[in-house]
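Geometric and topological summary
Listed below are the residues making up each chain.
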Amino acid sequence: MLVITKTAELEALCREIAAQPFVAVDTEFMRETTYWPKLCLIQAAAPGVEAVIDPLAEGIDLSSFFRVMANEAVLKVFHAARQDLEIFLNLGGALPKPLFDTQIAAMACGYGDTIAYDALVQQVLKRRLDKSSRFTDWSRRPLSENQLTYALADVTHLRDIYPRMHEKLAKDNRLHWLDEEHANLSNPAIYDTTPENAWERLKLRKTTADYVLGLQVAAAWRERQAQARDVPRGRIVKDEALYEIAEHRPRNAADFDRMRAVPRGFGNSRAAQDLIHALDRAFSDPDRPVYKHVRPPPLPSSVGPTVELLKVLLRYEADEHGVAPRLIASASDVEAIAANDEADVAALRGWRREVFGERALALKHGKLALKLKNGKVAVEEV
């Protein structure tokens with residue numbers, strides 16, 4: 001097994017990888033006690049080359065690996081890529097591209113919505129993964145041979161899975177089915193950690209302008225605190241506390257003491273005073289933005305049965321095509337189609353329209369019928 005601990009070794013490995021058409025990549029990281037994920041291990045396997053890279057090795061420079069991640073001549077293969085991509089964006093300043101996520105591809109191959117990696121290995125390669133090192137503390141050194149073998153297996157299996165999935169998708173003319181999902185993963189906006197945008201991850205419980213402003217300020221304050229101290233957001237205050245702060249807008253230490261979700265004694269802290277000052281500045285600003293909630297038009301009550309029929313059709317078409325329903329249409333897509341023939345939803349565009357959208361409109365207008373035949377749903381034209 002090749003374990004990379006020096007910059008020169010990594011540069012040599014990256015030259016080998018750069019000469020290959022694709023590389024399977026995985027990471028091991030820790031973030032239970034930190035805001036920023038701590039990268040502890042990188043595993044990489046391309047045709048004819050495989051290695052474990054130790055980013056915690058003294059003096060190692062990962063720049064050459066980040067350049068490979070940005071090299072558009074080499075396809076990067078991940079499974080459930082989002083957290084890995086976030087790490088490379090934070091450390092390397094760019095998202096790996098181009099990209100192939102086997103969990104997304106599995107939906108187009110009929111392996112379910114969010115298949116776990118070990119289940120995918122079992123189904124595609126008929127191999128069983130050794131799970132004995134699953135709960136390793138990857139930040140501790142030295143790592144044992146068993147731990148390193150376990151980590152490397154994640155990408156050597158992935159290297160073997162990718163050609164099979166790619167071949168199946170190409171044969172069925174489904175590679176383009178993954179484009180939108182991969183584009184979403186490659187959108188830097190979904191990894192945004194700008195404090196001013198932190199409130200958008202929270203569910204609004206009220207939509208009045210003052211409540212939303214309070215939530216925006218409190219969420220941004222928490223995000224800055226968490227980033228500066230490198231601790232999880234919940235270690236600063238829980239989400240529930242942000243909702244209380246937005247509701248009651250504390251003006252002094254005693255106001256915090258009356259909140260159930262705020263830790264006892266928090267009001268006397270410097271952090272609490274910073275939050276009070278931030279709220280005061282925001283509410284005293286005459287040019288502050290005023291939030292105006294735009295409610296989506298309610299669904300007509302009459303479309304309820306139509307939605308249910310379309311859901312049955314979606315499941316039927318998904319089974320017929322051997323693809324996960326979620327890849328074809330979301331619940332909101334189905335509701336929108338039930339209410340509007342020209343709804344601006346993915347299910348009425350491109351391959352999704354061919355697989356489901358056209359049939360959904362036909363069913364809605366009585367040109368298609370659902371029936372039970374031998375205990376199974378069947379579809380027939382009317």
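Residues numbered from 1 in each chain as written. Predicted model: local features only at pLDDT ≥ 70, side-chain atom pairs only at ≥ 80, totals over all residues. Heavy atoms only, no water.

If the charged atoms of two oppositely charged side chains come close together, the side chains can form a pair. For the structure shown, the criterion picks out 23 salt bridges. With its nearest N and O atoms 3.6 Å apart, the salt bridge here joins D172 to K168. Across the salt bridge formed by K364 and D341, the nearest N and O atoms sit 2.6 Å from each other. In this pair, K364 is assigned in helix α16 (residues 350-364) and D341 in the loop between α15 (331-339) and α16, connecting sequence segments 23 residues apart. In this structure K364 comes out as partly exposed when scored by relative accessible area, which is 25%. According to the relative accessible area criterion, D341 is partly exposed, its value standing at 28%. Look at the salt bridges and you will find they share partners, linking E180, E181 and R352 into a network. (Salt bridge = Lys/Arg side-chain N within 4 Å of Asp/Glu carboxyl O. Helix = DSSP H or I, 4+ residues; strand = E, 2+ residues; numbered from the N terminus. Buried < 20%, exposed > 50% of the residue type's maximum accessible area, 1.4 Å probe, protein only.)

Moving on to a nonpolar patch on the surface. A cluster of nonpolar side chains, V312, L372 and V377, forms an exposed patch at the surface whose accessible area comes to about 250 Å². Residue placement: V377 occurs in strand β8 (residues 376-381). Overall, V377 belongs to the partly exposed group, its relative accessible area being 35%. (Patch = residues over 30% accessible without salt bridge, like charges linked within 9 Å, V, L, I, M, F, W, Y side chains within 5 Å. Areas by Shrake-Rupley, 256 points an atom, 1.4 Å probe, with all protein chains shown as cover.)

As a further point, take the packing of helix α13 (residues 304-321) against α15. Viewed as axis vectors pointing N to C, α13 and α15 meet at an angle of 125°, and their least axial separation amounts to 9 Å. By the angle between their axes, α13 is oblique relative to α15. Considering only the axes of α13 and α15, their crossing is right-handed. Where α13 approaches α15, its residues T306, V307, L310, K311 and L314 are matched on the opposing element by V334, E335, I337 and A338. (Axes fitted to C-alpha atoms, helices over the stretch in contact; angles between N-to-C directions. Parallel < 35°, antiparallel > 145°, perpendicular 65-115°, else oblique. Left-handed = near helix turned anticlockwise from the far one by under 90°. Contact = heavy atoms within 4.5 Å.)

With respect to the helices and strands, P232 occurs in the loop between α8 (209-229) and α9 (233-236). Among the residues examined, P232 registers a relative accessible area of 18% and is labelled buried. Remark: the alpha-carbon pair of P232 and Y35, spanning 197 residues in sequence, is separated by 4.5 Å.

This brings us to unusual backbone geometry. Here the bond from K97 into P98 is cis, since omega is -10°, no more than 30 degrees from zero. Secondary-structure assignment places P98 in the loop between α3 (82-92) and β6 (99-101). Of note, the amide linkage connecting R141 to P142 takes the cis form, showing an omega dihedral of 0°. One non-glycine residue with positive phi stands out, namely N374, at about 55°. Here N374 lies in the loop between β7 (368-373) and β8. For N374, a relative accessible area of 78% puts it in the exposed group.

Right, let's talk about the packing of aromatic side chains for a bit. Centre distance and the angle of the planes are the two values used to describe a pair of aromatic rings. Counted by the stated rule, this structure contains 11 aromatic pairs. Considering the side-chain rings of F22 and Y162, the 4.7 Å spacing of their centres and the 55° angle between planes classify their relative orientation as tilted. Of this pair, F22 sits in strand β2 (residues 22-30) while Y162 sits in helix α6 (residues 145-171), placing them 140 residues apart in sequence. According to the relative accessible area criterion, Y162 is buried, its value standing at 10%. Seen from their ring centres, W177 and W351 are 4.0 Å apart, and the 10° between their planes marks the pair as stacked. Placement of W177 in the loop between α6 and α7 (179-185) and of W351 in helix α16 is noted, with a sequence separation of 174 residues between them. (Phe/Tyr/Trp six-rings, centres within 6.5 Å; stacked < 30°, edge-to-face > 60°.)

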